[in-house]
Amino acid sequence: MPVALPRQASPPLRPLAAFRGSLAQRAYGSLREAILELAVQPGSRLRKGEVCEALGVSRSPVAEAVARLQAERLVDVVPQAGTFVARLSMDEVREGAFLREAIELAAVEAVAGSVTEAGLAELARSLRVQEAMVAAGDEAGFYAADAAMHEALLDLTGHRRAAELARTAWVHVDRARRLVLPQPGRIAESLGEHRAVVAAVVARDGEGARRAMRHHLGQLVRRLEALAAERPELFSD
C-alpha cells in the first residue's frame, strides 16, 4: 500500500477555464497537468474533497477524472486508504524511453533526408529560444522549448500521428524528466545535445542525427537511474 509523504497544502491546480471539454475532461486536464509537472509530488495523497473545492466542481467529474488517471497509471486508488499520486517507476521510464527512442531516431533520420529550408528555419528558431532560456536560467521555459523542438522534429516527418504516439509513450518519462532539468548544468548540456542533433539535420547526415539523438535521450535515463538511488521515496521500484 502506498505510504503518503507528509501532507502538503491543497493541490495547486489550474482553473477549469484553462481547459476544454466537459467538466470531467477539464478536471482530468487540470489534475493530469499538476501530476506531470510535479506540482503534486509522487506518493502524496489526493483528497477528492480538496480537489472538488479547488476546481469548484462536484465529486462526479473528479471521480471520472481520477478513473482516467488511474488507467494511465498516474494515480493509485487503494480501497479504504485513498487516492495517491503514483510514484515514479524506473521500469516504466525505461519502457517509455525505449519506445520514444525508436520513434525519434527514425524521425530524425527521415527529417535529415527531407527537411526544407522552412523546416531548418523552425529548428534554428527553436535553438534561439532555448539559448535565451538557458541564459535566463529559466528551467520551466527551457522545458517547454525543449518539448516544442522534439515535437517540431516529429511534425517535420509529415506523419500526423508521430508526435501523438511519442507523447503517449513518453508520459511517465516526461514526469520523471522534470526532476532532472533542475540539476546544475543540465539545461545547458541539453541545449548542447540539441545543437548536435540540429547540426546533423542541417548537414543532411541521417546517421549522425540518429547518433546525436540517441546520445541525447540516453542522458536522461542515465540521470534518472542515479536519481532513483538518491531519492527512493519518489520511486516505486
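Scroll up to find the structure.
Residues numbered from 1 in each chain as written. Predicted model: local features only at pLDDT ≥ 70, side-chain atom pairs only at ≥ 80, totals over all residues. Heavy atoms only, no water.

Q: Please clarify how the side chain of Glu193 should be interpreted in this entry.
A: Within the fold, Glu193 resides in helix α8 (residues 186-202). What makes Glu193 buried here is its relative accessible area of 9%. At 2.6 Å, the side chain of Glu193 and the side chain of His216 are in polar contact. Dropping the residues within four chain positions of it, Glu193 is found in contact with Arg186, His215, His216 and Gln219. (Helix = DSSP H or I, 4+ residues; strand = E, 2+ residues; numbered from the N terminus. Buried < 20%, exposed > 50% of the residue type's maximum accessible area, 1.4 Å probe, protein only. Polar contact = N/O pair within 3.5 Å; in protein donor to acceptor, adjacent residues only side chain to side chain. Contact = heavy atoms within 4.5 Å.)

Q: Where do I start with unusual backbone geometry in this structure?
A: Excluding glycine, residues mostly carry a negative phi; peptide bonds, for their part, are mostly trans. Residues other than glycine seldom take positive phi values, yet Gln80 does so here, at roughly 65 degrees. Mapped onto the secondary structure, Gln80 falls in the loop between β2 (75-78) and β3 (82-85). Gln80 gets classed as exposed once you look at its relative accessible area, which sits at 83%. Unusually for a residue other than glycine, Arg204 sits at a positive phi of about 60 degrees. Among the structural elements, Arg204 can be located in the loop between α8 and α9 (206-230). On the basis of relative accessibility, which here comes to 40%, the residue Arg204 falls in the partly exposed class.

Q: What exactly am I supposed to notice about the pairing of β2 here?
A: The two faces of a sheet get side chains in turn, since along a regular strand they alternate between them. Inspection of the sheet shows β2 paired to β3 by four bridges, in the antiparallel sense. Looking across to β3, one finds that Asp76 is bridged to Phe84. What sits between β2 and β3 in their antiparallel hairpin is a turn of three residues, with Gln80 showing a positive phi close to 65 degrees. (Pairing = 2+ DSSP bridges.)

Q: Looking at this structure, how should I read the packing of helix α4 (residues 90-114) against helix α6 (residues 139-155)?
A: If you want to describe how two helices pack, look at the angle between their axes and the distance between the axes. Closest axis-to-axis distance for the α4/α6 pair is 8 Å, and the angle between their directions is 60 degrees. Crossing of α4 over α6 shows left-handed handedness. Packed against α4, whose contacting residues are Arg100, Ile103, Glu104, Ala107, Val108 and Val111, the element α6 presents His150, Leu153 and Leu154 at the interface. In the contact of α4 with α6, the residues fall into six nonpolar, one polar and two charged. (Axes fitted to C-alpha atoms, helices over the stretch in contact; angles between N-to-C directions. Left-handed = near helix turned anticlockwise from the far one by under 90°. Nonpolar A, V, L, I, M, F, W, Y, C, P; charged D, E, K, R; others polar.)

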